[in-house]
Amino acid sequence: MTKVFVTRHIPEVGLAMLRKRKDLHIVVAPQDKAISRRKLLRSVRGADILLSILTDKIDAAVMDAAGSKLKMIANYAVGFDNIALKEAKRRGIVITNTPGPEISETVAEHVIALMFALAHRIVETDAFSRRGNYHGWGPEMLLGCDVYGTTLGIVGGGAIGSAVAKRMHDGFGVTILYTDIRRNKKLEAETGAKFRTLPQLLKQSDFVSLHVPLLPSTHHMIGMRELKLMKPTAFLINTARGPVIDEAALITALTHHVIAGAGIDVYEHEAHIPRGLRKLKNIILTPHTASATHGARNAISIAVAKNILAFIDGKTPPNAIA
Ligand code: GLV
């Protein structure tokens, strides 16, 4: 019997796929919140497969606690910065994540929602209306800015960055710039995207959207120096990982209107959203919900199950991380 320990309940569709297999013993942690470190270390003991979520820190101590039977860590997330990759590799543990077209489209929609909400001041004007401040239409009341005709800079031209670029190019005629460690010819062909260095992209874009994984090389990729390169009228969107932005620098930049605003879904020390960010008017904050639709979360659940099923059948899982 192969024991699969699931650190928190995930949408049932994937669990049902796993439960159909009589050779799997599925144990789902009962609590309806992220598992505590202490409980994780205790409950993972004897697991062959660990199904983790992005808030679980899976390091050497967890692997030690699991014991020598642990052969796979199947992460329920696109990102996998929560897992000590080298440590897992050293032990021969297979790691998988859950990218896919559904999640890319869903996150792209969230990015686009933030862009429009910032440009048209949707959150601010909703609050204004609810407070009873609307006493009559005015030609210069609460003016925002347009999205059409602007330039969008995509930092990280992978699946999600490309989905954002394509929608904004096809739907709104937005000019696309992008930067990455490698060129993406498909993105260039489909959207006319122009490759730029990060400083060039920051200087030339009206919206900058981050789509890089969290790595030592992307940690604090956007700090005060980079924010100062942006136009004072520009907006920054982050749905990637919080530590890609130096959060203290962002607070300073927004306070002093170095940039016009930001749409932020991920935070440097989750789940903590600093008061400095929360009190700003020129920011929209969402609680790491860019992929939080029924469709995307079901797709992730199916993807994680497919990875596990392939692994136990001796195949290379579709999303094995090299
Ligand atoms: C969400 O942030 C994910 O990595 O899936």
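Before any of the text, the structure's been laid out above.
First, a word on scope: everything that follows refers to the structure included in this document. Here the structure is a predicted model, which means the values were calculated and not measured.

### Some points on the nonpolar core
- In terms of nonpolar packing, the biggest core is built from 46 residues, with Leu51, Leu152 and Met168 touching the most fellow members.
- The biggest single contributor to this core is helix H5 (residues 101–119), with ten residues.
- Here this core spans two domains, since at least three of its residues come from each of domain 1 (2–97 + 294–312) and domain 2 (101–285).
- Once you skip the residues sitting within four places of it in the chain, Leu152 turns out to touch Met115, Val164, Met168, Val174, Thr175, Ile176, Leu177, Ser205, Phe207 and Ser209.

### Concerning the sheet that holds strand E4 (residues 72–76)
- Read across the sheet, five strands follow the order E2-E1-E3-E4-E5 without closing on themselves; strand pairing throughout is parallel. With one partner strand each, in any of the chains shown, strand E2 (24–28) and strand E5 (94–96) form the two edges of the open sheet. On average, each strand axis in the sheet is inclined to that of its neighbour by 15 degrees, with strand direction left out of account.
- The pairing of strand E1 (residues 2–6) with E2 spans five bridges and is classified as parallel. Within E2, the position partnered with Phe5 by the bridge is Val27.
- Sitting on the sheet, helix H1 (residues 12–19) is in contact with E1, E2 and strand E3 (49–53), with an inclination near 150 degrees to E2.
- Against the sheet, helix H13 (residues 294–312) makes contact with E1, E2, E3, E4 and E5, and its axis sits at roughly 170 degrees relative to E4, the strand it touches most.

### Section: the site of the ligand
- Neighbouring the ligand are Leu54, Ala77, Val78, Gly79, Arg241 and His288.
- In the environment of the ligand, an oxygen atom lies 2.8 Å from a nitrogen or oxygen atom belonging to the backbone of Val78.
- Here an oxygen atom of the ligand sits 2.8 Å away from a polar atom, N or O, in the main chain of Gly79.
- The fraction of the free accessible surface of the ligand (190 Å²) that becomes covered by protein chains is 87%.
- Split by residue class, the shell around the ligand holds three nonpolar, two polar and one charged.

### With respect to the packing of aromatic side chains
- In this structure the tally under the stated criterion is three aromatic pairs.
- Residues Phe116 and Phe172 carry aromatic rings whose centres are separated by 4.8 Å and whose planes lie at 55 degrees to one another, so their mutual orientation is tilted. Here Phe172 lies in helix H7 (residues 159–172) and Phe116 lies in helix H5, a separation of 56 residues in the sequence.
- Judged by its relative accessible area of 23%, Phe116 is partly exposed.

### Section: the packing of H5 against H7
- Orientation of H5 relative to H7, taken along the N-to-C sense of each, is 55 degrees, at an axis distance of 8 Å. The angle between the axes of H5 and H7 places the two elements in the oblique class. Between H5 and H7 lies a crossing of right-handed hand. Side by side, H5 and H7 meet where Ser104, Glu105, Val107, Ala108, Val111, Ile112, Met115 and Phe116 of the first sit next to Ala159, Ile160, Ala163, Val164, Arg167, Met168 and Phe172 of the second.
- Partitioning the contact of H5 with H7 into residue classes produces twelve nonpolar, one polar and two charged.

Rules and cut-offs
- Each chain carries its own residue numbering, running from 1 in the direction its sequence is written.
- Under the rules for a predicted model, residues below a pLDDT of 70 receive no local features and side-chain atom pairs below 80 are neither given nor counted, while totals for whole chains, interfaces and linings still include all residues.
- Only hydrogens and water are removed before side-chain values are computed, so all heavy atoms of the structure are retained for them.
- In this text, buried Ala, Val, Leu, Ile, Met, Phe, Trp, Tyr and Cys residues form a nonpolar core when linked through side-chain atoms within 4.5 Å.
- Relative accessibility thresholds used throughout: buried, under 20% of the residue-type maximum; exposed, over 50%; partly exposed, between the two (1.4 Å probe, protein chains only).
- Helix and strand assignments follow DSSP, with helices taken as H or I runs no shorter than four residues and strands as E runs no shorter than two, numbered in order from the N terminus.
- All the domain ranges listed were derived from an automatic or database domain assignment.
- Residues are treated as being in contact if the distance between any of their heavy atoms lies within 4.5 Å.
- At least two DSSP bridges between two strands are required for those strands to pair.
- Here, axes are lines fitted to C-alpha atoms. For helices the fit covers the stretch in contact, and angles between N-to-C directions go from 0 to 180 degrees.
- If a single non-hydrogen atom of a residue is within 4 Å of a molecule or strand, that residue counts as near it.
- Within 3.5 Å is the distance limit for a polar contact, defined as a pair of N or O atoms, with the added protein rule that one can donate a hydrogen and the other accept it, and that residues adjacent in sequence qualify only through two side-chain atoms.
- The protein chains shown are the only cover counted for residues, whose accessible areas, like all others here, come from Shrake-Rupley with a 1.4 Å probe.
- Residues are grouped as follows: Ala, Val, Leu, Ile, Met, Phe, Trp, Tyr, Cys and Pro are nonpolar; Asp, Glu, Lys and Arg are charged; every other residue, Gly included, is polar.
- Only centres within 6.5 Å qualify two rings of Phe, Tyr or Trp (six-membered ring in Trp) as a pair; their planes then separate them into stacked at under 30 degrees, edge-to-face at over 60, and tilted for everything else.
- Each angle gets one of four labels, with under 35 degrees taken as roughly parallel, over 145 as roughly antiparallel, 65 to 115 as roughly perpendicular, and the rest as oblique.
- Each crossing is labelled by how the near helix is turned from the far one, with a counterclockwise turn of less than a right angle marking it left-handed and a clockwise turn marking it right-handed.

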